[in-house]
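# An overview of the molecular structure
Okay, here's what each chain looks like letter by letter:
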Protein chains: 2
Amino acid sequence: MSPRNDEPRGIPAPTLRRFPAYLSQLFRLQEEGRDVVSSTHLGKRLMLDPVQVRKDLECTGLVGRPKVGHSVPKLIEAIESILGWNRVNEAFLVGAGNLGAALLGYPRFKQSGLDIVAAFDEAPEKVGSEIHGKTVLPLKKLANLTRRMGVKVGIIAVPADHAQAVADLMVEAGILAIWNFAPVTLRVPEEVIVQTEDLYSGLAILTQKLAVRLREEPSKGVRHAHE
Amino acid sequence: MSPRNDEPRGIPAPTLRRFPAYLSQLFRLQEEGRDVVSSTHLGKRLMLDPVQVRKDLECTGLVGRPKVGHSVPKLIEAIESILGWNRVNEAFLVGAGNLGAALLGYPRFKQSGLDIVAAFDEAPEKVGSEIHGKTVLPLKKLANLTRRMGVKVGIIAVPADHAQAVADLMVEAGILAIWNFAPVTLRVPEEVIVQTEDLYSGLAILTQKLAVRLREEPSKGVRHAHE
DNA sequence: GCAGTATCGATAACTGTTTATCGATAAGCG
DNA sequence: CGCTTATCGATAAACAGTTATCGATACTGC
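Below is a summary of the structure that appears in this document. Nothing here was measured: the structure is a model prediction, and the numbers come from that model.

Evaluated as defined, the whole model comprises 15 aromatic pairs over all chains. On the basis of an interplanar angle of 55 degrees and a centroid distance of 5.8 Å, the ring pair of Y200(A) and Y106(B) is categorised as tilted. Of this pair, Y200(A) sits in helix α8 (residues 199-216) while Y106(B) sits in the loop between α5 (98-104) and β4 (114-121), placing the two residues on different chains. A residue is classified by how much of its surface remains accessible, and Y200(A), at 3% relative accessible area, is buried. Ring geometry for Y106(B) and F109(B): centres 5.0 Å apart, planes at 20 degrees, overall stacked. Judged by its relative accessible area of 16%, Y106(B) is buried. Chaining the aromatic ring pairs together yields one cluster made of W85(A), Y106(A), F109(A), W179(A), F181(A) and Y200(B). Positioned above the aromatic ring of Y200(B), the side-chain terminus of R108(A) is 5.0 Å from the ring centre.

Laid out in structure tokens, this is it:
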């Protein structure tokens, strides 16, 4: 009914999940000196259906020209704007273990709207150390610093049995969005945004597919001694 | 038309993704000494709609008894069987950086159908070291060892620009399933299973929601100096 | 035993995403 | 200058997943 849909809300989650991949390819195209790109070409690079790509790009509000394609810089700008990657949110990370260190060393987060400014941990032996240039502070200081610096994003990289306590702490301190890497269901007030990355859920899909495959054709892949 | 659906295939991916969470709660229930559980109760623990839970549990082929619920041990057995978590697949990990170390130290993978038996890396300074009890081997040995040991699962934890090369190596060596942590679209033969865990796709959802929230009510969360 | 209630199973409606098809547009080429 | 072709946009159909509703069952208490 209403052809105008200027509101950037209501973009499907699957589309949002594909946007970073589009961005990555768009940057590569830009480096290659290309100024325009067609849905077809973008689809080939990402092994996606061209129609799917067009549907996704439609969400940006931009229109492409037939036979030519879309403007690469405009697409980049539009997608970054939708994702909020044209500004940077400061974030605190809790849990300076293996996973926490990996996150602190992850490249390009700053170009993806996230700047992890400090890490926190309970363990005294970790406090005071530096990981990838970020200081590890005692957990007790989290609430105070969060309020003082107005940090809005918290990252949870602690074992599952501590995650809820950390989340409570963050919410109490005024954190608005939590990126949770512990495989638990966090209970937070409705207005707090939670994005949980559960390794086990992806693993479940992998092992289930593998189990089906091995059940279907046990000859393939299973190597017996007398073969 | 066909009420019988014994085939364990065709389980929706969202359901598969929820199964590990169900399992986790079921184990806790077992420790608490409970032998039966209702969909309602399970739903409350995981903040899921009871109907959703029933739909998911339906995929196991088990039936619960009204007013009583489902048998906890039978549910555990059924879900583990579907996910292939009642057996263990040996896996090789490539990339002994931060992320690789985090994966090597991750707990409970062995109870989730995955046993990472060794890590591989190209960097000579990493080769020979031990991370969480697992030896780091030179990448050159990957193909040979994979074939000799009949390893079927490969984990990619290298930077994006090396991921495709590692995937090619794995496929060539006979790997059947790849758990990919690099944010790239891997090109592999159709029969090879690929599960990509892309941090940026989750981050996209988080930052987009946050951007919308901050745009809607800038007063909340954004702290001005003169407040 | 009989009523009340919690829980399950099945069916159906709804929502949202993907896939397919059509007509329109503009660049390239004879 | 007009024809061909690649590409886009819009509409519609198909599919999948979630949510809602209803009747049936079996435990509990009286």
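Next comes the rest of the description.
Around DNA strand D sit 23 residues, and of these S38(A), S39(A), V63(A), G64(A) and R18(B) come closest. Near-protein atoms of DNA strand D (within 4 Å) split between backbone and bases, with sugar and phosphate holding 76%. Here R18(B) contributes a side-chain N or O atom positioned 3.1 Å from a phosphate oxygen of DNA strand D. Looking at the surface near DNA strand D, the elements with two or more residues in it are α2 (39-46) and α3 (50-58) of chain A together with α1 (13-31) and α3 (50-58) of chain B. Class assignment of the residues belonging to the surface near DNA strand D gives a composition of 8 nonpolar, 7 polar and 8 charged.

Moving on, we come to the relation of the copies chain A and chain B. The transformation that overlays chain A on chain B combines an axial shift of 0.0 Å with a rotation of 180 degrees, and the residual RMSD is 0.1 Å. Look at the turn and shift together and you get a two-fold axis relating the two. When you check the interface residues of chain A against chain B, 100% turn up at the interface there too, and the contact is symmetric in its surfaces.

Bringing the sheet that holds strand β6 (residues 134-138) of chain B into the picture now. All names here are of chain B. A sheet is described by the order of its strands in space; here 7 strands give the open sequence β5-β6-β4-β3-β7-β8-β9, paired in mixed fashion. Since the sheet does not close on itself, it has two edges, and those belong to β5 (130-131) and β9 (193-196), each with one partner. Looking at chain direction, strand β8 (residues 177-180) and β9 are connected through 4 bridges and run parallel. Note on β9: the bridge partner recorded for I178 is V194.

Attention now moves to the sheet that holds strand β3 (residues 89-94) of chain A. Sheets are built from strands paired through backbone hydrogen bonds, the pairs being either parallel or antiparallel. All names here are of chain A. One open sheet holds the 7 strands; their spatial order is β5-β6-β4-β3-β7-β8-β9, and the pairing between them is mixed. The open sheet is flanked by β5 (130-131) and β9 (193-196), the only strands paired with a single partner. Running over the sheet, helix α7 (residues 160-173) touches β3, β7 (153-156) and β8 (177-180) and is turned about 170 degrees from β7.

Turning to the protein's contact with DNA strand C, a few remarks are in order. Taken together, the neighbourhood of DNA strand C is formed by 22 residues, with P12(A), R18(A), S38(B), S39(B) and G64(B) sitting nearest. Counting only atoms of DNA strand C within 4 Å of the protein, the sugar-phosphate share comes to 82%. Here R18(A) contributes a side-chain N or O atom positioned 3.0 Å from a phosphate oxygen of DNA strand C. With 3 residues, helix α1 (residues 13-31) of chain A is the single largest residue contributor to the surface near DNA strand C. Here the residues of the surface near DNA strand C sort into 7 nonpolar, 7 polar and 8 charged.

Criteria and cut-off values
- Residues numbered from 1 in each chain as written.
- Chains lettered and ligands numbered in written order.
- Predicted model: local features only at pLDDT ≥ 70, side-chain atom pairs only at ≥ 80, totals over all residues.
- Heavy atoms only, no water.
- Phe/Tyr/Trp six-rings, centres within 6.5 Å; stacked < 30°, edge-to-face > 60°.
- Helix = DSSP H or I, 4+ residues; strand = E, 2+ residues; numbered from the N terminus.
- Buried < 20%, exposed > 50% of the residue type's maximum accessible area, 1.4 Å probe, protein only.
- Lys NZ or Arg CZ within 6 Å of the ring centre and 35° of its normal.
- Near = heavy atom within 4 Å.
- Polar contact = N/O pair within 3.5 Å; in protein donor to acceptor, adjacent residues only side chain to side chain.
- Nonpolar A, V, L, I, M, F, W, Y, C, P; charged D, E, K, R; others polar.
- Least-squares fit on C-alpha atoms with pLDDT ≥ 70 in both.
- Contact = heavy atoms within 4.5 Å.
- Pairing = 2+ DSSP bridges.
- Axes fitted to C-alpha atoms, helices over the stretch in contact; angles between N-to-C directions.

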